[in-house]
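Letter by letter, the chains look like this.
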Amino acid sequence: MKPISLILTSMAAIATLQLSARPVMPPLFTDNMVIQQQTDAPIWGTAKAGKKVTITASWNQTTVSTTADANGHWRTSLRTPQAGGPYTITISDGQKITLKNVMVGEVWLCSGQSNMEMPIDGWSRVNNYEQEKEEANQYSNIRLLQVRKNISPTPLNEMETNLGGGWQVCSAKSVKEFSATGYFFGREIHKYRNVPVGLIDASWGGTFIEPWTSAEALRQHPDMTEALNDVSKLPTDKTERDNIYLNQLNQWKQQERSLDPGYEGEKPLWAMTSFDDSQWPEMTIPVQWEKAGLTNYDGAAWLRRTIDIPASWAGKEVKLSMGGLVDDIDFTYFNGIQVGQTNSYGEKRDYTIPSRCVKAGRSTLAVHLIDTGGDGGIYSPADQLYLECRGERISLAGNWHYKATTPMVSLPRIPVNNTSSPNQVTVLYNAMINPMVDFAIRGTIWYQGCNNEHKGYQYRELLPLMIRDWRHKWGYDFPFYIVQLANYKQLQTEPGDDEWAEVREAQAMAAQHVENSGLACLIDIGEAGDIHPRNKQEVGRRLGLVARAKTYGEQLEYAGPTYNGYQIEDNAIRICFTHADGLRTSDGGPLKGFAIAGSDHRWHWANARIEGQTVVVSCPEVASPVAVRYAWHVNPLCNLQNAAGLPCVPFRTDDWPGLSINNHNAN
């Protein structure tokens with residue numbers, strides 16, 4: 001049974017629709033949109049039940065007609081010409097609405113987790129972000145549509161969008177918080193194909209692949225049955241789901257504070273200005289606290305900083321900004337008064353300090369921060385950390401006193417956000433992908449995999465499953481181009497097994513074996529200390545090369561050397577490659593990153609030399625080699641590339657069981 005609130009909302013919507021004959025279009029169809037060229041592009045909306053709806057496109061003035069069904073829904077299609085514009089599309093059921101500044105061109109869906117979500121300039125920043133924003137003003141024929149984050153246990157037909165709603169013309173303002181990978185990819189297509197480009201950003205940081213796949217597809221996978229059953233039991237009403245989780249989380253936070261020495265009951269003793277933190281160590285913020293004294297620490301800690309408030313600020317409201325990279329749950333106090341609280345990493349902390357709390361002179365900012373796992377601390381860009389009053393700012397970057405209190409292992413188990421979490425099977429497909437199914441696209445770019453790092457073998461099955469799922473829903477085999485995980489974490493010192501390498505292998509297998517797919521390898525442009533490498537320009541360029549070659553037929557090199565077989569030659573193994581013209585090392589030095597093993601499965605660093613389009617690998621300690629690996633690590637030593645400067649895709653010649661072979665649980 002539907003909640004009363006949902007029934008009333010639906011009735012109100014129907015009543016509004018009946019009062020006005022004007023057609024209503026979903027946010028996929030707005031001013032400034034791009035519609036896919038040279039296809040029968042579906043178009044749909046709502047009108048008064050039974051009304052005849054006519055659609056006229058100015059590129060040929062041909063009118064198509066359809067009739068709204070008993071629920072007011074209508075659907076038809078428009079035959080689109082070659083790229084061009086601007087055009088108008090007029091929809092009428094007696095009253096007209098006109099979509100203006102419509103371009104015909106190439107439409108690409110950009111999806112995945114945080115490295116797809118990462119903006120030009122927002123919670124993280126790309127290299128040369130100010131210049132990139134300014135130059136975006138030159139590309140008015142690139143159009144941007146950003147899907148608002150949402151989940152649903154059942155498929156939705158409607159979605160919401162960000163960036164002011166609907167399609168936006170590319171500009172310094174609109175591109176600022178748009179997917180950097182998506183934008184730089186679209187820029188490549190626009191520049192080299194000379195066509196308008198529409199980019200749809202449907203991404204969510206920290207997500208697994210399972211939420212992006214439909215329930216219909218996941219039912220084919222035996223690991224997903226229990227998780228699908230759990231999701232099917234969730235309330236359909238978002239408010240109900242949120243309330244369940246928030247009640248559980250609030251109880252947990254009360255338990256956590258009761259165990260923390262910084263509190264006496266509900267009183268935050270360690271947030272008071274009078275509290276002496278002089279004996280606490282210091283860390284320089286912004287920083288992930290694992291790099292600043294709290295190595296491998298998950299749990300609660302206090303961070304304190306003393307600020308001198310100018311006399312001109314006294315008695316005035318002050319804005320407190322800590323950006324979005326505050327990891328994870330914070331309770332933030334100013335002079336002992338709580339001024340803000342946020343429950344999850346990635347949410348912007350913009351808090352208001354009431355005027356009554358603002359006095360001239362020495363004041364204390366204290367943050368009780370709980371890292372529930374992974375990285376912790378405050379590590380937003382330094383210029384996002386500040387107090388502001390009437391245009392004047394005080395930076396909060398610099399030295400803070402800190403003290404760890406309660407590790408997660410000593411706390412009650414934190415509630416799993418099974419009601420609002422994006423990491424439940426199928427919920428992102430339902431809310432963020434299903435509403436745009438049938439909207440004509442050229443193809444998809446996909447940047448995801450970090451969250452599935454412990455399940456590389458399962459990812460071999462889930463990624464092709466999702467690709468086939470989306471294509472089945474759309475009804476055609478559009479191109480699907482995958483970004484392979486970049487190098488990250490501590491630099492490799494010894495050869496051996498690695499879970500990230502297994503995910504990269506799964507990504508490469510999908511690109512090789514799933515028709516009309518491709519891979520952009522990033523093994524040379526990651527950053528050891530940042531899971532969000534800032535050189536997204538190169539990510540977009542490499543994806544663009546793949547699309548330009550495989551989708552648009554340009555004769556250019558689009559991939560680095562790719563393993564294509566081996567031959568054992570006495571005490572050496574010769575590796576063969578495709579995309580191997582001009583094999584060389586990126587630094588001009590000897591080859592790095594090759595390891596070799598015999599039948600004992602013990603890996604040794606190998607000597608390797610280039611011979612034409614092959615590499616010969618050997619090691620004095622391995623008299624009878626049987627297997628070779630290259631760049632098989634989360635952050636490998638490697639330097640093989642081709643004449644185009646594209647890196648060799650990590651590979652192995654063996655099929656020995658990996659670390660994740662038995663990790664087949666669902667999220």
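Just above, that's the structure.
(A) Representation of the side chain of R548. For R548, the location among the structural elements is in helix α12 (residues 536-550). In contact with R548, other than residues within four places in its own chain, are E188, I189, Y192, G553, E554 and L556.

(B) Representation of the nonpolar core. Core analysis: the biggest nonpolar cluster contains 104 residues, and I200, F439, W446, W470 and F594 have the highest contact counts within it. The leading source of residues in this core is helix α10 (residues 456-474), at eight residues.

(C) Molecular detail of a nonpolar patch on the surface. A cluster of nonpolar side chains, namely L491, W605 and L637, defines an oily patch on the protein surface of about 240 Å² accessible area. With respect to the helices, strands and loops of the structure, W605 is situated in strand β33 (residues 603-605). The class for W605 is partly exposed, based on a relative accessible area of 30%.

(D) Here's a closer look at the packing of aromatic side chains. One pass over the structure, following the stated rule, counts 29 aromatic pairs. Ring geometry for W302 versus Y333: centroids 6.0 Å apart, planes at 20°, classification stacked. Within this pair, whereas W302 is found in strand β15 (residues 299-309), its partner Y333 is found in strand β18 (residues 329-334), the two being separated by 31 residues in sequence. Its relative accessible area of 0% is what places W302 among the buried residues. Through successive ring pairs, a cluster of aromatic residues spans Y263, W270, F275, W280, W302 and Y333. A cation over a ring is seen here: R393 above Y386, with NZ or CZ 3.7 Å from the ring centre.

(E) Up close: helix α8 (residues 238-259). With 22 residues, α8 extends 32 Å between its outermost C-alpha atoms, agreeing within 8% with the 32 Å of an ideal straight helix rising 1.5 Å per residue. Buried residues of α8: R241, D242, Y245, L249, W252, K253, E256 and R257, and no others. The buried residues of α8 occupy an angular sector of 135° when projected down its axis, which confines them to one face. Across from the buried face of α8, at angles greater than 90 degrees, the exposed residues are Q251 and S258. For α8, the elements touching its buried residues are β11 (263-264), β15, β18, β19 (337-342) and β21 (361-371). The opening residue of α8, the one whose side-chain oxygen lies 3.3 Å from the backbone nitrogen of T239, is D237.

(F) Looking closely at the sheet that holds strand β24 (residues 392-395). Here we have four strands laid out as an open sheet, ordered β20-β16-β23-β24, and antiparallel in their pairing. Every interior strand has two partners, whereas the edge strands, β20 (349-353) and β24, have only one. Pairs of neighbouring strands in the sheet enclose a mean axial angle of 20°, with direction left out of account. In this sheet, strand β23 (residues 386-389) lies alongside strand β16 (residues 318-323) in antiparallel orientation, the contact comprising three bridges. Residue L320 lies in a different strand from β23, and its bridge partner there is L387.

(G) Region of the structure containing the environment of N194. Looking at the secondary structure, you find N194 in the loop between α5 (180-193) and β10 (197-203). Assessed through its relative accessible area of 67%, N194 is described here as exposed. Between the C-alpha atoms of N194 and N141, which are 53 residues apart in sequence, the distance is 9.6 Å.

(H) Geometry of the packing of α5 against α12. Direction vectors running N to C along α5 and α12 enclose 45°, while the axes themselves pass 7 Å from each other. Judged on the interaxial angle alone, α12 and α5 are oblique. The handedness of the crossing between α5 and α12 is right-handed. Residue-level contacts link A180, T181, F184, F185, R187, E188, I189 and Y192 of α5 to K536, Q537, V539, G540, R541, L543, G544, A547 and R548 of α12. When grouped by side-chain class, the residues that make up the contact of α5 with α12 number eight nonpolar, four polar and five charged.

(I) Summary view of the pattern of salt bridges. Evaluation of the coordinates by the stated rule reveals 35 salt bridges. Among the ionic pairs, D242 bridges to K238, the shortest N-O distance being 2.7 Å. With D242 and K238 both in helix α8 and four residues apart, the pair spans about one turn of that helix. Residue D242 is classed as buried on the basis of its relative accessible area, which comes to 18%. Here K489 ties to E453 by a salt bridge, and the two come within 3.7 Å at their closest N and O atoms. Residue K489 is located in the loop between β27 (480-483) and α11 (499-513), and its partner E453 is located in the loop between β26 (443-447) and α10; the two are separated by 36 residues in the primary sequence. When salt bridges that share partners are traced, they join R460, D497, E505, R629, R652 and D654 into one network.

(J) Region of interest: the sheet that holds strand β25 (residues 398-407). Reading across the sheet, the six strands line up as β13-β25-β15-β21-β18-β19 and stay open at both edges, with antiparallel pairing between neighbours. Each end of this open sheet is capped by a strand with a single partner; those strands are β13 (282-285) and β19. Sheet twist, expressed as the mean angle between neighbouring strand axes with direction ignored, is 30°. Bridge analysis of β13 against β25 gives four bridges, and the strand direction is antiparallel. Paired with I285 across the strands is G398, a residue of β25. Here α8 sits on the sheet and contacts β15, β18, β19, β21 and β25; the angle it forms with β18, its principal contact strand, is near 60°.

The rules we used
- Residues numbered from 1 in each chain as written.
- Predicted model: local features only at pLDDT ≥ 70, side-chain atom pairs only at ≥ 80, totals over all residues.
- Heavy atoms only, no water.
- Helix = DSSP H or I, 4+ residues; strand = E, 2+ residues; numbered from the N terminus.
- Contact = heavy atoms within 4.5 Å.
- Core = buried A, V, L, I, M, F, W, Y, C linked by side-chain atoms within 4.5 Å.
- Buried < 20%, exposed > 50% of the residue type's maximum accessible area, 1.4 Å probe, protein only.
- Patch = residues over 30% accessible without salt bridge, like charges linked within 9 Å, V, L, I, M, F, W, Y side chains within 5 Å.
- Areas by Shrake-Rupley, 256 points an atom, 1.4 Å probe, with all protein chains shown as cover.
- Salt bridge = Lys/Arg side-chain N within 4 Å of Asp/Glu carboxyl O.
- Phe/Tyr/Trp six-rings, centres within 6.5 Å; stacked < 30°, edge-to-face > 60°.
- Lys NZ or Arg CZ within 6 Å of the ring centre and 35° of its normal.
- Expected span 1.5 Å × (residues − 1).
- Arc of directions from axis to C-beta.
- Polar contact = N/O pair within 3.5 Å; in protein donor to acceptor, adjacent residues only side chain to side chain.
- Pairing = 2+ DSSP bridges.
- Axes fitted to C-alpha atoms, helices over the stretch in contact; angles between N-to-C directions.
- Parallel < 35°, antiparallel > 145°, perpendicular 65-115°, else oblique.
- Left-handed = near helix turned anticlockwise from the far one by under 90°.
- Nonpolar A, V, L, I, M, F, W, Y, C, P; charged D, E, K, R; others polar.

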